Amino acid sequence: QVQLVESGGGLVQAGGSLRLSCAASGRTISTYAMGWFRQAPGKEREFVSGVSRSGGTTRHADFVKGRFTISRDNAKNTVWLEMNSLKPEDTAVYYCAASRMLVLVPTKGSEYDYWGQGTQVTVSS
């Protein structure tokens, strides 16, 4: 059982950058693959980025490749999402999630077991 709390969201202009953080408590995140999802108004939650347990493997959705970077520090029990070249289409609530599934980097929401409350990211045009 792990608790996740996101932070770092806010309002930025198109082309700007933002770094989201996910702080975990309750148990070490080293036993979980970690991921970031987002949900825009009226849309379903979608996978953004994921990272394997050791941090050695990452996956990104096509729409953020080259712009976003996911990273983790198991000693700090923290996961980050570095977002660059932000676009208005990136506006959404961003969620941190943890997966117990023994797949290197799960990409489906149903494959994740624990979720944070989300942090709002708004990109103005």
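Keep in mind it's a predicted model, so treat the numbers as computed, not measured. (Residues numbered from 1 in each chain as written. Predicted model: local features only at pLDDT ≥ 70, side-chain atom pairs only at ≥ 80, totals over all residues. Heavy atoms only, no water.)

**Student:** How should I be thinking about the overall build of the protein chain in this particular structure?
**Tutor:** When you go through the protein chain residue by residue, the secondary structure sums to 0 helices and 11 strands. The helix and strand sequence of the protein chain, counted from the amino end, reads β-β-β-β-β-β-β-β-β-β-β. In summary, the protein chain has a C-alpha radius of gyration of 13 Å against a globular reference of 14 Å for 125 residues, a match within 12%. Dimensions of the protein chain, computed from C-alpha atoms along their principal axes, come out at roughly 40 × 25 × 25 Å. Looking at the 125 residues of the protein chain, the share that counts as buried comes to 43%. Surface accessibility of the protein chain: about 6,200 Å² in total, with carbon and sulfur atoms responsible for 48%. Each charge class in the protein chain was averaged separately, 14 positive and 10 negative side chains, and the resulting centres sit 4 Å apart. (Helix = DSSP H or I, 4+ residues; strand = E, 2+ residues; numbered from the N terminus. Rg over C-alpha atoms; globule rule 2.2 N^0.38 Å. Buried < 20%, exposed > 50% of the residue type's maximum accessible area, 1.4 Å probe, protein only. Areas by Shrake-Rupley, 256 points an atom, 1.4 Å probe, with all protein chains shown as cover. Lys, Arg positive; Asp, Glu negative; His and termini not counted. Charge placed at Lys NZ, Arg CZ, Asp CG, Glu CD.)

**Student:** Before we go on, may I ask you to explain the environment of Arg45 in this structure?
**Tutor:** Checked against the element boundaries, Arg45 lands in the loop between β4 (33–39) and β5 (46–51). Owing to a relative accessible area of 35%, Arg45 belongs among the partly exposed residues under this scheme. On a C-alpha basis, the gap between Arg45 and Tyr95 in space is 9.1 Å, while along the polypeptide they are 50 residues apart. Setting aside residues no more than four positions away along its own chain, Arg45 makes contact with Phe37, Arg38, Gln39, Tyr95 and Trp115. (Contact = heavy atoms within 4.5 Å.)

**Student:** Mind showing me how you'd approach the sheet that holds strand β3 (residues 18–25) here?
**Tutor:** Backbone-to-backbone hydrogen bonds pair the strands of a sheet. The strands run either parallel or antiparallel. Here 4 strands make up an open sheet; going across it, the order is β1-β3-β8-β7 and the pairing antiparallel. In this open sheet, the two strands that pair with only one neighbour each are β1 (3–7) and β7 (68–73). Taking the axes of each pair of neighbouring strands and ignoring which way they run, one obtains an average angle of 15 degrees across the sheet. Two elements, β3 and strand β8 (residues 78–83), share 6 bridges in a ladder whose sense is antiparallel. Of the residues in β8, the one forming a bridge with Ala23 is Thr78. (Pairing = 2+ DSSP bridges. Axes fitted to C-alpha atoms, helices over the stretch in contact; angles between N-to-C directions.)

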